[in-house]
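Architecture at a glance
The residues making up each chain are set out below.
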Amino acid sequence: MTWIMTLRSSPAALRNREPIADVLTDILPARGRVLMIAEGSGEHAVHFAERFPQLSWLPTDTDPEALATIAARQEAATSSNLEAPRELNAAAAGWPVETAAAIVCINMIHISPWSATSGLMRGAGRLLAPGSPLILYGP
């Protein structure tokens, strides 16, 4: 028996990825790793990796199905700057990443528990150098 994974897809991600990318053009650093919090379907990660090849993109999520979908998209992607996804709970005290040039968080803080939002702020404070962007979309 052959098992076929159905990839999650988000119509909203497909609609908003280009307008978000247009804004990111003016905000993202020239080089470095962009940490993506609560990436979900991986569609933003693939699109941004293609659009910004000078940056390394690290998608994260807490949901095992989301991580599997992101991994499948990452394996199929033509961009070499899209890293394999990692499990990351924004509310957790420790994150599996030590530094980032920027953090992007799309559609999380307005639908998650407050502990995730406050954890995101603490984590960004630990990881980002002064002046590095924490970019939020959705609230």
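This structure is a prediction, so every number in the text was calculated from the model and none was measured.

1. Some details on the overall build of the protein
- Scanning the protein for helices and strands turns up 4 helices and 5 strands.
- Going from the N terminus to the C terminus, the protein shows its helices and strands as α-β-α-β-α-β-β-α-β.
- For the protein, the spread of C-alpha atoms along the principal axes amounts to about 50 × 30 × 25 Å.
- Contacts in the protein between residues at least 24 apart in sequence constitute 75% of all its contacts with a sequence separation of at least 6.
- In the structure as shown, the protein presents an accessible area of about 7300 Å², 56% of it carried by carbon and sulfur atoms.
- Separation of charge centres in the protein, based on 10 positive and 13 negative side chains, amounts to 3 Å.

2. Quick notes on the packing of aromatic side chains
- For the structure on display, the rule yields 2 aromatic pairs.
- Centre to centre, the rings of Phe52 and Trp57 are 6.1 Å apart; their planes meet at 40°, and the pair counts as tilted.
- Three or more aromatic residues joined by ring pairs make a cluster, and in this case those are Phe48, Phe52 and Trp57.
- A cation over a ring is seen here: Arg126 above Trp95, with NZ or CZ 5.6 Å from the ring centre.

Conventions and cut-offs
- Residues numbered from 1 in each chain as written.
- Predicted model: local features only at pLDDT ≥ 70, side-chain atom pairs only at ≥ 80, totals over all residues.
- Heavy atoms only, no water.
- Helix = DSSP H or I, 4+ residues; strand = E, 2+ residues; numbered from the N terminus.
- Contact = heavy atoms within 4.5 Å.
- Areas by Shrake-Rupley, 256 points an atom, 1.4 Å probe, with all protein chains shown as cover.
- Lys, Arg positive; Asp, Glu negative; His and termini not counted.
- Charge placed at Lys NZ, Arg CZ, Asp CG, Glu CD.
- Phe/Tyr/Trp six-rings, centres within 6.5 Å; stacked < 30°, edge-to-face > 60°.
- Lys NZ or Arg CZ within 6 Å of the ring centre and 35° of its normal.

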